[in-house]
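A closer look at the structure
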Amino acid sequence: MNEPLLEVQDLQVRIGRGPRAVRAVDGVSFVLHRGETFALLGESGCGKSMTALSIMRLLPRPAGRIVGGSVRLDGQDLLDLPERDMRQVRGGRIAMIFQEPMTSLNPVLTVGQQIAEVLALHKGLRGRAAESRVRELLDAVGIPDSARRMKEYPHQLSGGMKQRVMIAMALAGEPELLIADEPTTALDVTIQAQVLELLQSLQARYHMALLLITHDLGVVAGMADRLAVMYAGQLVEQATRADFFREPLHPYGRKLFEALPEMDKRGRPLTVIPGTVPPLDRPFTGCPFAPRCDYRMARCEAEPPPLHRIDGREVRCHLYGGEVHVPPAPERTAPDRPRARRRSDARSPETPLLEVRGLKVHFPIRRGLLRRTVGHVHAVDGVDLRIGQGQTLALVGESGCGKTTAGKAILQLLRPTAGSVRFDGTELTRLRGEALRRRRREFQIIFQDPYSSMNPRMMIRDIVEEGMRAQGIGRTARERHARARDLLLRVGLREEHLDRYPHEFSGGQRQRICIARALAVEPRLIVCDEPTSALDVSVQAQILNLLSELQRDFGLAYLFITHNLSVVGYLADRVAVMYLGRLVEEGPVAGVLEAPLHPYTEALISAVPRIDPEQRREIIRLEGDLPSPTRPPSGCHFHPRCPKAQPICARSYPEQRELRPGHWVKCHVAG
Amino acid sequence: MPLSVFIVVLWMLAGLLAPLLPLHPEAIHLDRILAPPWVAGGLGYDDLGRPLLDRLLMGTATSFHVAALTVSISAATGLLLGSLGGYLGGRFDAVLVRLIDVFLAFPGILLAIALAATLGPGIDNVVLALSVVGWVGFARLARAQALSVREREHVLAARALGTHGPWLLFRHVIPLVLTPVLVEATFGVASVIIAEAGLSFLGLGVQPPAASWGSMIREGTRYLLVAPHLVLVPGLALFLVVLAVNLAGDWLRDRLDVRLREPRP
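Rules and cut-offs
- Residue positions are counted from 1 within each chain, in the order its sequence is given.
- Naming scheme: in the order in which they are written, chains are lettered from A and ligands are numbered from 1.
- Local features in this predicted model are restricted to residues whose pLDDT is 70 or higher, and side-chain atom pairs enter the listing and the counts only when it is 80 or higher, whereas totals over whole chains, interfaces and linings include all residues.
- Water and hydrogen atoms were dropped before computing side-chain values, which therefore reflect all heavy atoms in the structure.
- Relative accessibility decides the category of a residue: with a 1.4 Å probe and only protein chains considered, values under 20% of the type maximum give buried, values over 50% give exposed, and everything between is partly exposed.
- Secondary structure follows DSSP: runs of H or I at least 4 residues long count as helices, runs of E at least 2 residues long count as strands, and numbering of each begins at the N terminus.
- The pairing criterion is simple: DSSP has to find at least two bridges between the two strands.
- A right-handed crossover is one whose linking path, passing over the helix from the first strand to the second, runs clockwise when the strands point away from the viewer.
- The patches reported here contain residues having more than 30% relative accessible area and no salt bridge. Joining distances are 9 Å for like charges and 5 Å for nonpolar side chains (Val, Leu, Ile, Met, Phe, Trp, Tyr).
- Where accessible areas are quoted, they stem from the Shrake-Rupley method and a 1.4 Å probe; at the residue level, only the protein chains shown are allowed to cover.
- Here, a salt bridge means any side-chain nitrogen of Lys or Arg that lies within 4 Å of a carboxyl oxygen of Asp or Glu.
- One fewer than the residue count of a helix, multiplied by 1.5 Å, yields its expected span.
- Throughout, the bend at a residue refers to the angle made by two axes, fitted to the seven residues ending there and to the seven starting there.
- In this description, contact between two residues means that some pair of their heavy atoms is separated by no more than 4.5 Å.
- Counted as a polar contact is a pair of N or O atoms within 3.5 Å, where, for protein atoms, one must be capable of donating a hydrogen and the other of accepting one, and residues adjacent in sequence contribute only when both atoms are in side chains.
- For the purpose of counting charges, residues Lys and Arg are taken to be positive, whereas Asp and Glu are taken to be negative. His and the chain ends are not included.
- Grid spacing is 1 Å over the protein atoms alone, the probe is 1.4 Å, and a cavity is where that probe fits but cannot get out, while a pocket is an open set with protein on both sides within 12 Å along at least five of seven lines and lining residues have an atom within 4 Å of a point.
- Grid points are joined across faces, edges and corners, and a volume is the space filled by probe spheres set on the points.
- Residue polarity is assigned by list, with Asp, Glu, Lys and Arg as charged and Ala, Val, Leu, Ile, Met, Phe, Trp, Tyr, Cys and Pro as nonpolar; anything else, Gly included, falls into the polar class.

Here the focus is the pairing of strand 7 (residues 177-181) of chain A. Residues and elements named next belong to chain A. For strand 7, the tally of buried residues reaches 5 of 5 residues, placing the bulk of the element in the interior. The two faces of strand 7 match: Leu177, Ile179 and Asp181 on one face and Leu178 and Ala180 on the other face are all buried. Here strand 6 (residues 94-97) runs beside strand 7; their pairing, made up of 4 bridges, is parallel. Residue Met96 lies in a different strand from strand 7, and its bridge partner there is Ile179. Relative to strand 8 (residues 209-214), strand 7 runs parallel, the two sharing 5 bridges. Looking at strand 8, one finds that Asp181 is bridged to Ile213. A crossover links strand 7 with its parallel partner strand 8, the connecting element being helix 8 (residues 189-206), and its sense is right-handed.

Time to look at a nonpolar patch on the surface. A surface patch of nonpolar side chains, about 580 Å² in accessible area, is lined by Leu232(B), Leu236(B), Phe239(B), Leu240(B), Leu243(B) and Leu247(B). Relative to the assigned elements, Leu243(B) resides in helix 10 (residues 229-256).

To continue, consider helix 6 (residues 123-150) of chain B. Over its 28 residues, helix 6 of chain B runs 39 Å from end to end, which matches the ideal 40 Å to within 8%, given 1.5 Å per residue. Maximal helix bending in helix 6 of chain B amounts to about 30 degrees, located at Val132(B).

Another point: the sheet that holds strand 16 (residues 418-423) of chain A. Residue and element names in this part refer to chain A. The strand order across the open sheet built from 4 strands is 14-13-16-17, with neighbouring strands paired in antiparallel fashion. A strand with exactly one partner marks an edge of an open sheet, and here the two such strands are strand 14 (372-387) and strand 17 (426-427). The pairing of strand 13 (residues 354-367) with strand 16 spans 5 bridges and is classified as antiparallel. Bridged to Arg357 within strand 16 is Ser420.

Turning next to the interface of chain B and chain A. Many descriptions give the size of an interface as the accessible area lost when the pieces come together. Contacts between chain B and chain A engage 26 residues on the former and 33 residues on the latter. Inspection of the region where chain B meets chain A yields 1 salt bridge. Among the salt bridges present, the one from Asp462(A) reaches Arg171(B), with a minimum N-O distance of 3.7 Å. Joining chain B to chain A, the criterion identifies 13 residue pairs in polar contact (both at pLDDT 80 or more). Taken together, the elements giving at least two residues each to the side of chain B that touches chain A come down to helix 7 (153-160) and helix 8 (165-201) of chain B.

Residue and element names in this part refer to chain A. Tracing the sequence through the fold places Arg510 in helix 17 (residues 507-519). No salt bridge is formed by the buried Arg510, whose closest oppositely charged neighbour, Asp449, lies at an N-O distance of 6.9 Å. Setting aside residues up to four positions removed in sequence, Arg510 forms contacts with Pro450, Tyr451, Met454, Pro502, His503 and Phe505.

A few words now on the layout of surface pockets. Residues and elements named next belong to chain A. By volume, the second largest pocket is sized at about 670 Å³. Residue lining of the second largest pocket: 23 residues in total, with Arg90, Gly91, Val118, Leu121 and His122 positioned closest to the centre. Counting residues per element, the ones that place at least two in the lining of the second largest pocket are helix 2 (83-89), strand 6, helix 4 (111-123) and helix 7 (159-172). For the lining of the second largest pocket, the element with the highest residue contribution is helix 4, accounting for 5 residues. Per-class residue counts for the lining of the second largest pocket are 12 nonpolar, 6 polar and 5 charged.

The next subject is the pattern of salt bridges. Two side chains bearing opposite charge may form a pair once their charged atoms approach each other closely. For the structure on display, the rule yields 53 salt bridges over all chains. Where Asp93(B) meets Arg143(B), a salt bridge forms, and the shortest distance between an N and an O atom there is 2.6 Å. Here the residue Asp93(B) occupies a position in helix 4 (residues 90-105), and Arg143(B) occupies one in helix 6, the gap between them amounting to 50 residues. Here the salt bridges do not stand alone but share partners, grouping Arg34(A), Asp74(A), Arg93(A) and Glu176(A) into one network.

The following block contains the structure:
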């Protein structure tokens, strides 16, 4: 084997000073060879980004410090380099791309200028030479019409394009090592597929080493040669991709797999990882995972497990101490309680709880001194939906397709431009003032961001009781207090949490409080707007379990707005796929996910990264981005990106056709 | 409690109690004209031989009266109107924005001079004139805050729960707008004291021989080279109070922010 390109040894990073300093990275060692992809996998706060930043020596100052270990690039210890020389390494030999392409580019410089800056710094290229190199780079990352694009500013590009520009900037210094910190987390699945494919092809072309930092098992499965699982600042397991995905050794890795929502786990609760990540501000006396581990032994709490080497894999767990033995097969901690099937999936219900017809929300675009309307954004442009009592309908689509707007318009938080919303026989669009306010208790909403969805100045008690007070539930304060306490217990929190403020809770706990707040008014329908996409996999499992339990117990109906298709498969009864303000396909969940009719649905499903690395399926690549909802394309909105487009698609919008019972599509080609 | 809060409390006490103390701010000692403190004792004497200590304390009452009233009136008005405009939007907001623009188009102090001149001299008219000018800044700040708070999801969630409009405004919008307004108010105290000095100098504020810090500074500038203590005494007092009010404002903001409290286990 050749010499490793990067060798990280016993890296120690502390945030803050004194005895309470946080041990963000605690003895991390790994090597990375040229042309290899190494993935650091872990949940938020596990120290994976801190590891990457320490390699670049870009830790947040003055709080973050590297207190031990070495980072060798080609034998040269980067931690010993003077800052001057380190600047040559950054962007030259090691380049980095970040999660947020929106904030990683300078908004007042053109894309070309920003790439040229790197060229001038690291390659000494200026003027014409630099310009032609910029165009080469933009071509290499697949940006069409590079001569024009290089003169544009970041705001003129879509998210996927910006991430491509970031990659082009990273490539400009011809790095030997590329660090990608959650490069696709902020992107939609179809765009994510494009960017991952691009990274792979560029890596092969330039023979770069790629350090991929991610929380997404699917991305790892598709990209990595080797990987390491990180937990509480330590690497708990290191293995090749094939080995890891065949059977993870560390109990934490196993739990991560079991917590993933998938279609075949329907009807039973997901495995959750109990407890939370331990505080990192003191040294561990035992294994940091021990309190949450199913295989816990007396030893685990007493002494930190050493790194055991088994068949070229490394694992930090006492299970593998002493003679090497095959650990017990993972047993399921959550009992296989079959969820009572509430209904037959495929049939749409006779009397729907919610019936939406021809829902339209158009936002006027105003320009000029007199604020005249010069056009409309067709955010929602004719949507029909039906949800039965106790049913879950998933509304799926990429960002900007109008799914959140549709959700708000259904709840009358935003008045629709046209169309009808019938809730249990009442036309909501005609209700005004007090009548509407009274009805609001029957339909609630849970938001994506559990941070901004609670008033930071209100105590949990007041947050949960707010709806009761507004709707006059509970005659006395004592009655309301009792009810708030019961609700908090019901969503898995404790009574003493009532007198705390939102900032004292973690993301998952906050989402539970939001659920309790919605439940307080005894709704029949809850619109869940991406309720788990801001959460880690293990926490997501807890929330999904809670939602499906509550549905069973209270007969709630959910409109589940999401872009995450695996959640859809786990939770939904029916799926509606939305593209540019309109539904293009709707049907029972099994039908839509396993045999999609619309080419867009097909592409969406194929683009989801799979965690089964053996099963390499063909990804249907969608060219380009979501078109502007101001001027949708003629005919079928999807035809400019559709791999199956026919001449008729550009001329007329397809009619709705029911190709299977309860499963319809709007497409000229399907069927 | 930090030193700054102590100084602010002292200032308030002096402002409230000065009229009750046996002071002689208008007693003239012809033998001590312009005498500095180290010669004549106390804080020295002014150009008419009046004791600066007595005048300073009486001036404190004036300054405190004007500053406290003006800042509370303009901050409350600005907070309410600005939050309402930012939260409601629409026609109310459009009118409010135009109104703010009109007020900002005039130099504030000129408008106050014009008003005070129309209303006639006197401390209460100074308060009125300065409040009419002062609420605009608070309103603009509160409106900008309310615009961003309005978009937060807890406001939407409260609407979805069927919460009444006034409750939304007073529970979800104003508490989040309050913090920056409060900090701005502490800066407002300083500028009001100085503005009052300006109006008094023009003869629109306190009428001689009554004292205010501003009028003392203005009068003292004429003797700056021969008797610097005439300016230094009220100047230092002003400096201390303004600094203390600002620091106390910071302290108050931290105290009010539940997020900065020690998290419980």
